[in-house]
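Residue-level structure breakdown
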Amino acid sequence: MIGVFDSGFGGLTILRDLQKALPQYDFLYLGDNARAPYGSRSFETIYRYTLESVRELFRRGCPLVILACNTASARALRSIQQQVLPVEFPDRRVLGIIRPTAEEIGGFSKTGHVGVFATAGTVSSRSYVIEIEHFFPQLKVTQHACPMWVPLVENGECDTEGAQFFVKKDVEALLKEDPEIDAVLLACTHYPLLERQIRAALPSHVRLVFQGDIVAAKTVDYLKRHPEMEVRLSKGGKTEFLTSDTAKFFKKGAFLFGMQDISAESLTF
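What this report covers is the structure whose coordinates are included nearby. (Residues numbered from 1 in each chain as written. Predicted model: local features only at pLDDT ≥ 70, side-chain atom pairs only at ≥ 80, totals over all residues. Heavy atoms only, no water.)

Before going further, it helps to spend a moment on the packing of helix H2 (residues 43-59) against helix H4 (residues 77-88). Between H2 and H4, whose axes approach to 12 Å, the crossing angle comes to 40°. Taken together, the axis directions place H2 and H4 in an arrangement best described as oblique. When the axes of H2 and H4 are compared, the crossing they make is right-handed. Two secondary-structure elements touch here, H2 through Phe43, Tyr47, Thr50, Leu51, Val54, Arg55 and Phe58 and H4 through Ser79, Ile80, Val84, Leu85 and Glu88. Looking at side-chain class alone, the contact of H2 with H4 contains eight nonpolar, two polar and two charged residues. (Axes fitted to C-alpha atoms, helices over the stretch in contact; angles between N-to-C directions. Helix = DSSP H or I, 4+ residues; strand = E, 2+ residues; numbered from the N terminus. Parallel < 35°, antiparallel > 145°, perpendicular 65-115°, else oblique. Left-handed = near helix turned anticlockwise from the far one by under 90°. Contact = heavy atoms within 4.5 Å. Nonpolar A, V, L, I, M, F, W, Y, C, P; charged D, E, K, R; others polar.)

Below you can see the structure in the form of structure tokens.
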């Protein structure tokens, strides 16, 4: 199975796009809900939690794991790829979601000015700014933290006047900082659930860019370029779920992300 990991529920938006792009493949999603959120934790703790989750997915037979979590991709991916895999799991692979997005974002802008909506932790890490600069050094990237967006999503408040107020406020703040922005990246896996509110607040000429679309397309391309990995993946079109919290808690939260009638296995690290 293809392992998909997130600290909580947001990675379900990435999973959904992966399922659309690769409907014949099997997926195993692990949400570390009991220890979420990761954003306020130390680098060492994020690395340890992420590695424990990756090891669990490997233990359950996943040869390929996608970190569908911006925080884990920013703080743990490189260390796992460079220090752990060559020594312990030379035949396994772990991919993130920041680099694939950075490789493509320049193609969405005509003005060369791109905005990034993200959590405060992602903004302070400057992960997207650094990665995008590698591929598009000429691109001007303006970040804006949206601290209220995740709580709105996780409390089922996406279609409320409160959501409209906070989204409009953040969109206006970003465009005030750089009026030439013509493409905006949603660099948090929760944010697609606020799509309607974001589109309503954005000028019509500003393009909205979703991580899930890019990550799914990049995964398809990766499997084409790595047939030795592709042949190891099962193709039954099924998806299973793991959570470090209770199955009941996971089912309730997953419902807000459009995942209905699912059951999860509860595990303890």
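The step from Ala36 to Pro37 runs through a cis peptide bond, and the omega angle for that step is 0°. Topologically, Pro37 is positioned in the loop between strand E2 (27-31) and H2. With a phi close to 55°, Asp261 is a non-glycine residue in the positive phi region. Turning to its location among the elements, Asp261 is positioned in the loop between helix H13 (247-256) and strand E10 (264-266). Judged by its relative accessible area of 73%, Asp261 is exposed. (Buried < 20%, exposed > 50% of the residue type's maximum accessible area, 1.4 Å probe, protein only.)

Within this structure, the stated rule accounts for 20 salt bridges. With a closest N to O distance of 2.9 Å, Arg60 and Glu265 form a salt bridge. Here Glu265 lies in strand E10 and Arg60 lies in the loop between H2 and strand E3 (64-67), a separation of 205 residues in the sequence. Under the relative-accessibility criterion, Glu265 is labelled partly exposed at 39%. Lys218 is the salt-bridge partner of Glu103, the closest N and O atoms lying 2.8 Å from each other. Of this pair, Glu103 sits in helix H5 (residues 98-104) while Lys218 sits in helix H11 (residues 211-225), placing them 115 residues apart in sequence. (Salt bridge = Lys/Arg side-chain N within 4 Å of Asp/Glu carboxyl O.)

The six strands are arranged E4-E3-E1-E2-E9-E10 in an open sheet whose pairing can be described as parallel. Strands with a single pairing partner mark the edges of an open sheet, and in this sheet they are strand E4 (93-95) and E10. Within this sheet the neighbouring strands show an average axis-to-axis angle of 20°, counted without direction. When strand E1 (residues 2-6) meets E3, the two strands line up parallel, connected through four bridges. (Pairing = 2+ DSSP bridges.)

Let's shift gears to the pairing of strand E7 (residues 183-186). Burial along E7 is two-sided: Ala183 and Leu185 facing one way and Val184 and Leu186 facing the other are all buried. Alignment of strand E5 (residues 113-118) against E7, held across four bridges, turns out to be parallel. By the bridge assignment, Phe117 is partnered in E7 with Leu186. In this region the chain leaves E7, passes through helix H10 (residues 195-201) and returns to the parallel neighbour strand E8 (residues 207-210); the handedness of that crossover is right-handed. (Right-handed = clockwise from strand over helix to strand, strands pointing away.)

This part is about the packing of helix H1 (residues 11-21) against H11. Between H1 and H11, the least distance of the axes is 8 Å, while the angle of their chain directions is 45°. Classified by the angle between their axes, H1 and H11 sit oblique to one another. Seen along the crossing, H1 lies across H11 with a hand that is right-handed. Contacts between H1 and H11 involve Ile14, Asp17, Leu18 and Ala21 from the first element and Gln211, Gly212, Asp213, Val215, Ala216, Thr219 and Val220 from the second.

Right, let's get into H11. Between its first and last C-alpha, H11 extends 21 Å over 15 residues, near the 21 Å set by a 1.5 Å rise per residue. Within the sequence span of H11, burial applies to Gln211, Gly212, Ile214, Val215, Ala216, Thr219, Tyr222 and Leu223. (Expected span 1.5 Å × (residues − 1).)

Here we take up the side chain of His190. Relative to the helices and strands, His190 resides in the loop between E7 and H10. Look at His190 and you get buried, because its relative accessible area is 8%. Beyond its immediate stretch of four places on either side in the chain, His190 contacts Gly10, Val150, Val153, Glu154 and Phe257.

This part takes up the sheet that holds E5. On the basis of which strands lie adjacent, the open sheet formed by four strands has the order E6-E5-E7-E8 and parallel pairing. Each edge of the open sheet carries a strand with a single partner, namely strand E6 (140-145) and E8. Recorded for the sheet is a direction-independent mean angle of 25° between the axes of neighbouring strands. Of the strand pairs in this sheet, E7 and E8 are connected by four bridges, and their pairing is parallel.

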